[in-house]
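Chain residues, written in single-letter form:
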Number of protein chains: 2
Amino acid sequence: MAKGEYLGEFEQIVLLALLRLGAEAYGLRVRQEIAERTGRDVAIGAVYATLDRLENKGYVTSRVSEPTPERGGRAKRYFEVIAEGRRALAEAQHSLAQMREGLTESWRMS
Amino acid sequence: MAKGEYLGEFEQIVLLALLRLGAEAYGLRVRQEIAERTGRDVAIGAVYATLDRLENKGYVTSRVSEPTPERGGRAKRYFEVIAEGRRALAEAQHSLAQMREGLTESWRMS
DNA sequence: CCATCGACTTCTACAAAGTAGAACAAATGG
DNA sequence: CCATTTGTTCTACTTTGTAGAAGTCGATGG
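Okay, so let's go over this structure. All values reported here derive from a predicted model rather than from experimental measurement. (Residues numbered from 1 in each chain as written. Chains lettered and ligands numbered in written order. Predicted model: local features only at pLDDT ≥ 70, side-chain atom pairs only at ≥ 80, totals over all residues. Heavy atoms only, no water.)

Quick look at the layout of surface pockets now. A water-sized probe rolled over the atoms picks out the places where empty space is left. Residues and elements named next belong to chain A. A volume near 280 Å³ is recorded for the largest pocket. Its residues assigned to classes, the lining of the largest pocket shows 4 nonpolar, 4 polar and 4 charged. Here the second largest pocket is characterised by a volume of approximately 230 Å³. As for the second largest pocket, its lining consists of Y26, L28, R29, Q32, Y48, V64, R74, A75, K76 and R77. The dominant element in the lining of the second largest pocket, judged by the number of residues it contributes, is helix α2 (residues 27-38), at 3 residues. Residues that form the lining of the second largest pocket fall into these classes: 5 nonpolar, 1 polar and 4 charged. (1 Å grid on protein atoms, 1.4 Å probe; cavity = no way out; pocket = protein on both sides within 12 Å on 5 of 7 lines; lining within 4 Å. Points joined across faces, edges and corners; volume = space filled by probe spheres on them. Nonpolar A, V, L, I, M, F, W, Y, C, P; charged D, E, K, R; others polar. Helix = DSSP H or I, 4+ residues; strand = E, 2+ residues; numbered from the N terminus.)

Right, let's talk about the protein's contact with DNA strand D for a bit. Neighbouring DNA strand D are 27 residues, the closest being K57 and R74 of chain A together with Y26, Y48 and R74 of chain B. Near the protein, within 4 Å, the atoms of DNA strand D are sugar or phosphate in 63% of cases. One nitrogen or oxygen atom from the side chain of K76 of chain B is found 3.4 Å from a phosphate oxygen belonging to DNA strand D. In this structure, R77 of chain B approaches DNA strand D through a main-chain N or O atom, which is 2.8 Å from a phosphate oxygen. Looking at the surface near DNA strand D, the elements that each hand over two or more residues are α1 (9-21) and α3 (44-56) of chain A together with α2 (27-38) and α3 (44-56) of chain B. Element by element, the count of residues in the surface near DNA strand D is highest for α3 of chain A, at 4 residues. (Near = heavy atom within 4 Å. Polar contact = N/O pair within 3.5 Å; in protein donor to acceptor, adjacent residues only side chain to side chain.)

Here we come to the protein's contact with DNA strand C. Around DNA strand C sit 29 residues in total, of which Y48 and R74 of chain A together with F10, K57 and R71 of chain B are the nearest. A share of 64% of the atoms of DNA strand C within 4 Å of the protein falls on sugar and phosphate groups. Contact between DNA strand C and Y26 of chain A: a phosphate oxygen at 3.0 Å from a side-chain N or O atom of the residue. The contact in question runs from a base oxygen of DNA strand C to an N or O atom on the side chain of R74 of chain A, over 2.5 Å. For the surface near DNA strand C, the secondary structure elements donating two or more residues are α2 and α3 of chain A together with α1 (9-21) and α3 of chain B.

Quick look at the relation of the copies chain B and chain A now. Each copy superposes on the other: chain B lies on chain A with an RMSD of 0.1 Å after a rotation of 180° and an axial shift of 0.0 Å. Both copies of the chain, as the preceding transformation shows, are related through a two-fold rotation axis. Residue E9 of chain B, judged by its C-alpha, is the member of chain B lying nearest the rotation axis, at 2.3 Å. Both copies share a contact surface, since 100% of the interface residues of chain B are interface residues in chain A too. (Least-squares fit on C-alpha atoms with pLDDT ≥ 70 in both. Contact = heavy atoms within 4.5 Å.)

Every contact between the two is made by 34 residues of chain B and, on the other side, 34 residues of chain A. Viewed at the interface, chain A and chain B are joined by 2 salt bridges. Close ionic contact of E101 of chain B with R37 of chain A constitutes a salt bridge, the shortest N to O distance being 3.0 Å. The tally of links from chain B across to chain A stands at 12 residue pairs in polar contact (both at pLDDT 80 or more). Looking at the side of chain B that touches chain A, the elements with two or more residues in it are α1, α2 and α4 (83-100) of chain B. Residue contributions to the side of chain B that touches chain A peak at 11 residues, all from α4 of chain B. Residue composition of the side of chain B that touches chain A, by class: 16 nonpolar, 8 polar and 10 charged. (Salt bridge = Lys/Arg side-chain N within 4 Å of Asp/Glu carboxyl O.)

Below, the discussion takes up a nonpolar patch on the surface. All names here are of chain A. A cluster of nonpolar side chains, contributed by L28, I44 and Y48, occupies part of the molecular surface with about 240 Å² of accessible area. Turning to its location among the elements, Y48 is positioned in helix α3. When its relative accessible area of 31% is taken as the criterion, Y48 is described as partly exposed. (Patch = residues over 30% accessible without salt bridge, like charges linked within 9 Å, V, L, I, M, F, W, Y side chains within 5 Å. Areas by Shrake-Rupley, 256 points an atom, 1.4 Å probe, with all protein chains shown as cover. Buried < 20%, exposed > 50% of the residue type's maximum accessible area, 1.4 Å probe, protein only.)

Let us now look at α1 of chain B. All names here are of chain B. Along its 13 residues, α1 runs 19 Å from first to last C-alpha, staying within 8% of the 18 Å computed at 1.5 Å per residue. The buried count for α1 comes to 12 of 13 residues, which makes it a mostly enclosed element. The set of residues buried in α1 consists of E9, F10, E11, Q12, I13, V14, L15, L16, A17, L18, L19 and L21. Downstream of α1 by a residue or two, G22 has a phi angle that is positive, lying close to 55°. (Expected span 1.5 Å × (residues − 1).)

Spatial relationships are all this shows, so hold off on functional conclusions.
Have a look at this one:
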């Protein structure tokens, strides 16, 4: 279908995290969500690097908020998945689904 | 959960292709299966590079067959997913499933 | 007020995964 | 023999992924 660019696996995970978090989607929180959901304890640098790349590709946008009045409550950078990002994610997930189709889950560990 | 190594997205696709192909799983055929299923027209070098990596990681094994009596029927290198590979694949797919959980598919393009 | 703490983001450096396509190998058909 | 077909290997490079130290900037406590 598309010819150029495919999402890596971690990019997909990060996009999914952004979608789940909605208005709460900022770097540290994204990392936490991934850890809670998948048990994967990724380095924070990995998250931001991926977020930056997704932004450069035009899949997400970001804006910096006002600081909040709490201890350490500095300004956060919030991310949002835009239409192109949803499209790319849907396509990637579709590819995997196609490859899985018809395979009984019997290949999972016995 | 696991701490070291995660499968990339293309690695997952290749593993799934091997599982679908069973006894027919050799390089060129893998490429064809992926093209047919996902529309992704990957370079043959990409497939072999990935296959080699999967073998080095101990996720698949390969053996070279006898040539067959057809035009161009040279010996093929057949691949098989072993238990470790199934485990890794199941884990990777599980991570994605966890991230997807509860997200209505409404994020797909409208 | 200033030292420190806590929540966040940036930076630097490197390893692993993915991409491309030309080169090479071996079998067959004419 | 040699052109053709099916397959695999090689070389070179780009993109993703990983790690953790460093830097920012409010708030808090003395």
